[in-house]
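# A closer look at the structure
The lines below spell out each chain.
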Amino acid sequence: MPKQRLSVVVTRRLPEAVETRLSELFDVTLREDDSPMSREQLAAAMRDTDVLVPTLSDKIDANLVAQAGERLKLIANYGAGVDHIDVASARQRGVLVSNTPGVSADDTADMALALILGVTRRIGEGLTRMQTGEWDGWAPTALLGGRVSGKRLGILGMGRIGTAVARRAQACGMQIHYHNRRRLRPEIEEEFDATYWESLDQMLARMDVISVNCPHTPSTFHLLNARRLKLMKPGSVIVNTSRGEVIDENAMVRMLKSGEIAGAGLDVYEHGAEIHPDLRGMPNVVLMPHMGSATVEGRVEMGEKVLINIKTFDDGHRPPDLVVPAML
């Protein structure tokens, strides 16, 4: 008899090519619109399916995991970050968790460099003047920004994305510095002429630009707290394309308003889509709507990884991108 197809529930709309392939391989339930599932809808899906495909907008905590049905055996996350999933609770229930690492490194690094240039060269202010009709011609002292060439870039988290940021920044003539849980191999440091700082505090005090590229874990929550932010030079800027929870947003806003930090480029926020109201309208802040990985190519590749993880599991093997608590 033919093998019964896995039941798969997808919580958000995915690229058409990914949805089509999922439908060909599995008994899939897709979203008709792109709104997030309610908590009740998530609970119902987890009770009645073999595989759940969530995104970062779906908070899957221990309580939801406890309500999962016996059928649920895999949470195949569409995205690299899994801080929205209680991985330990899932494992205790016998539910595997997979993710899609390594896909969006170049896309996110492109966004980080765009934000570095956007803040230091005051691109947002210039764009606003053009859109509002305030520009009345060139002037020698108008919208003077800072040159990035020769500036010190401090990368917080030198993984795939941090390394991709370093490669782009080096091409712009920036000096590469980094803080990481583990020091990189000598040949990688040599490639970027990178300086390793064991002390995050000492690195923060000496950089012109800080790029946040570390994941959100219990140990990185508010890693850049008020005390550490105050170590930064008054003329420095901070860019975050990783997770908003790494920065104490209230402390950062106070320092941006007082001039203790010169500017910020943000693609992520501490409270998700709830943007701190004081960030809007600040001329020295560039805000983006979590677009770091938003390329057609990247989102399709993420879907392909989801497909591979589910198909490998369906074939009786360990998903190649299995997440275990020790990784977090």
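Rules used in this analysis
- Residue indices follow the written sequence of each chain, beginning from 1 at its first position.
- Residues qualify for local features only when their pLDDT is at least 70, as the model is predicted, and side-chain atom pairs are given and counted only at 80 or more; totals for whole chains, interfaces and linings, by contrast, use all residues.
- The side-chain numbers reported here are obtained from all heavy atoms of the structure, hydrogens and water having been left aside.
- In what follows, salt bridge is the name for a side-chain nitrogen of Lys or Arg lying within 4 Å of a carboxyl oxygen of Asp or Glu.
- Any residue under 20% of the maximum accessible area for its type is buried, any over 50% is exposed, and the rest in between are partly exposed; the area is computed with a 1.4 Å probe on protein chains only.
- Secondary structure elements are taken from DSSP: a helix is a run of H or I of four residues or more, a strand is a run of E of two residues or more, and numbering for both begins at the N terminus.
- Should DSSP find at least two bridges between two strands, the strands are taken to pair.
- Contacts are residue-level and defined by heavy atoms, with any inter-residue pair within 4.5 Å sufficient.
- Angles shown run from 0 to 180 degrees and are taken between the N-to-C directions of axes, each axis being a line fitted to C-alpha atoms and, for helices, limited to the stretch in contact.

## Re the pattern of salt bridges
In a structure, side chains of opposite charge can pair up when their charged atoms sit close to one another. The tally for this structure, following the rule as stated, stands at 20 salt bridges. Ionic pairing is found between glutamate 187 and arginine 185, a salt bridge with its closest N-O pair at 2.7 Å. For glutamate 187, a relative accessible area of 45% puts it in the partly exposed group. One salt bridge connects aspartate 278 with lysine 257, and the closest N-O pair in it is separated by 3.3 Å. With aspartate 278 in the loop between strand S11 (263–266) and strand S12 (285–287) and lysine 257 in helix H11 (residues 249–258), this residue pair connects regions lying 21 residues apart in the sequence. For aspartate 278, a relative accessible area of 32% translates into the label partly exposed. Residues participating in the shared-partner salt-bridge network are Asp106, Asp110 and Arg168.

## Notes on the sheet that holds strand S13 (residues 322–323)
Spatially, 6 strands are ordered S2-S1-S3-S4-S5-S13 in an open sheet, and the strand pairing comes out mixed. In this open sheet, the two edge strands, each paired with only one partner strand, are strand S2 (27–29) and S13. As defined by bridge partners, strand S1 (residues 7–10) adjoins S2 across 3 bridges and the pair is classed as parallel. Its bridge partner lying in S2, serine 7 is registered against aspartate 27. Docked against the sheet, helix H12 (residues 296–314) engages S1, strand S3 (51–53), strand S4 (74–76) and strand S5 (96–98), running at close to 160 degrees with respect to S4.

## Examining the environment of valine 306
The residue valine 306 is located in helix H12 in this model. The exposure class of valine 306 is buried, given its relative accessible area of 2%. Spatially, the C-alpha atoms of valine 306 and proline 289 are 24 Å apart, while their sequence positions differ by 17 residues. Ignoring any residue separated from it by four or fewer positions in sequence, one finds valine 306 in contact with Val53, Ala76, Asn77, Tyr78 and Thr100.

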